[in-house]
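Understanding the architecture of this molecule
Read off the chains here:
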Amino acid sequence: MFVAQDHRVDGYIHILLITTGSVASVKAPLIVKELLKYDKVKVQVVSTGPSLAFFKREDIEDGDTRVWADKDEWPISFKIGDPILHIELRRWADVVLVAPCSANTLSKIANGSCDNLVTSLMRALAPTTPTYIFPAMNTLMYDHPLTAEHLRIVRDVVKYNVVGPIGKGLACGDVGLGAMTEWRDIVRIVVEKFQLNLRA
C-alpha cells in the first residue's frame with residue numbers, strides 16, 4: 001500500500017502524472033522518462049482504465065515510479081484505518097499534470113464526479129496544489145458547447161491551469177484543434193516552475 005509519508009523525500013519535487021482515455025496517453029512513458037532525467041524528481045502515475053490501452057505499464061514502472069489504477073484503490077484486504085490511495089497520492093503530490101485530459105474526464109472533474117481513482121483524487125486535491133489540465137480530444141468534441149462550459153468551470157471555479165489543446169492531425173484522421181500540448185512542452189512547464197536541473 002502506498003503511504004505518502006513513506007514515499008516523500010525532502011528536497012525532491014513529487015510529480016503526479018494522470019493519464020485518461022485519450023490516444024495521447026501514448027506519450028506518458030516519454031513524459032515520465034524525460035522528467036526523471038532531472039535532479040531531485042520523483043514521479044507517480046495514476047491512470048484511468050481506458051488510458052491503459054495506449055501504453056504498457058512496464059514502459060513506466062521502474063524503481064520508485066508506479067502506475068496506479070482503479071484496481072489498486074480498494075483491495076480485498078482493505079479494512080477501516082488503512083491508508084486510502086487517492087488521499088495518500090494527493091498528499092504526496094507537489095504538482096499534478098492531467099496529460100492527457102479526455103472529454104470524459106474533463107466532464108467528470110467539472111461536475112465533481114468521484115467514480116474512479118482519478119476523479120476521487122482530483123476531488124480531494126488541496127486548492128494549493130498546482131494542477132495543470134492538458135485537454136486532448138477530437139475537434140468536434142472540443143468544439144462542443146459543453147466542453148467550453150467544463151473548461152470554464154475547471155479554469156475559473158476550480159482554478160486549475162488549462163494548457164492547450166493544439167491544432168494538428170489527430171489520431172482519428174481529422175485535422176483540427178484538439179490535440180494534447182506537445183509532451184516536451186508539458187515537461188518544460190514543470191522544469192521552469194520548479195527550476196529543475198538535469199542530473200549530472
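Residues numbered from 1 in each chain as written. Predicted model: local features only at pLDDT ≥ 70, side-chain atom pairs only at ≥ 80, totals over all residues. Heavy atoms only, no water.

Relative to the helices and strands, threonine 139 is located in helix 6 (residues 139-143). For threonine 139, the side chain forms a polar contact with the main-chain oxygen of leucine 177, separated by 2.9 Å. (Helix = DSSP H or I, 4+ residues; strand = E, 2+ residues; numbered from the N terminus. Polar contact = N/O pair within 3.5 Å; in protein donor to acceptor, adjacent residues only side chain to side chain.)

Where helix 2 (residues 28-35) meets helix 8 (residues 183-194), the closest approach of the two axes is 10 Å, and the angle between their N-to-C directions is 35°. Crossing of helix 2 over helix 8 shows right-handed handedness. On helix 8, the residues that touch Leu30, Ile31, Glu34 and Leu35 of helix 2 are Trp183, Ile186, Val187 and Val190. The residue makeup of the contact of helix 2 with helix 8, split by class, is seven nonpolar, no polar and one charged. (Axes fitted to C-alpha atoms, helices over the stretch in contact; angles between N-to-C directions. Left-handed = near helix turned anticlockwise from the far one by under 90°. Contact = heavy atoms within 4.5 Å. Nonpolar A, V, L, I, M, F, W, Y, C, P; charged D, E, K, R; others polar.)

What follows covers helix 8. The end-to-end C-alpha separation of helix 8 is 17 Å, in line with the 16 Å expected for twelve residues at 1.5 Å each. Restricting attention to buried positions, one finds in helix 8 the residues Trp183, Ile186, Val187, Val190 and Val191. The buried side chains of helix 8 occupy one side of the element, clustering within an arc of 135° when seen end-on. Of the exposed residues in helix 8, those oriented more than 90 degrees away from the buried face are Arg184 and Glu192. Buried residues along helix 8 sit against strand 1 (13-19), helix 2, strand 4 (95-101) and strand 5 (131-135). (Expected span 1.5 Å × (residues − 1). Buried < 20%, exposed > 50% of the residue type's maximum accessible area, 1.4 Å probe, protein only. Arc of directions from axis to C-beta.)

Purely geometric stuff here, so don't read any function into it on its own.
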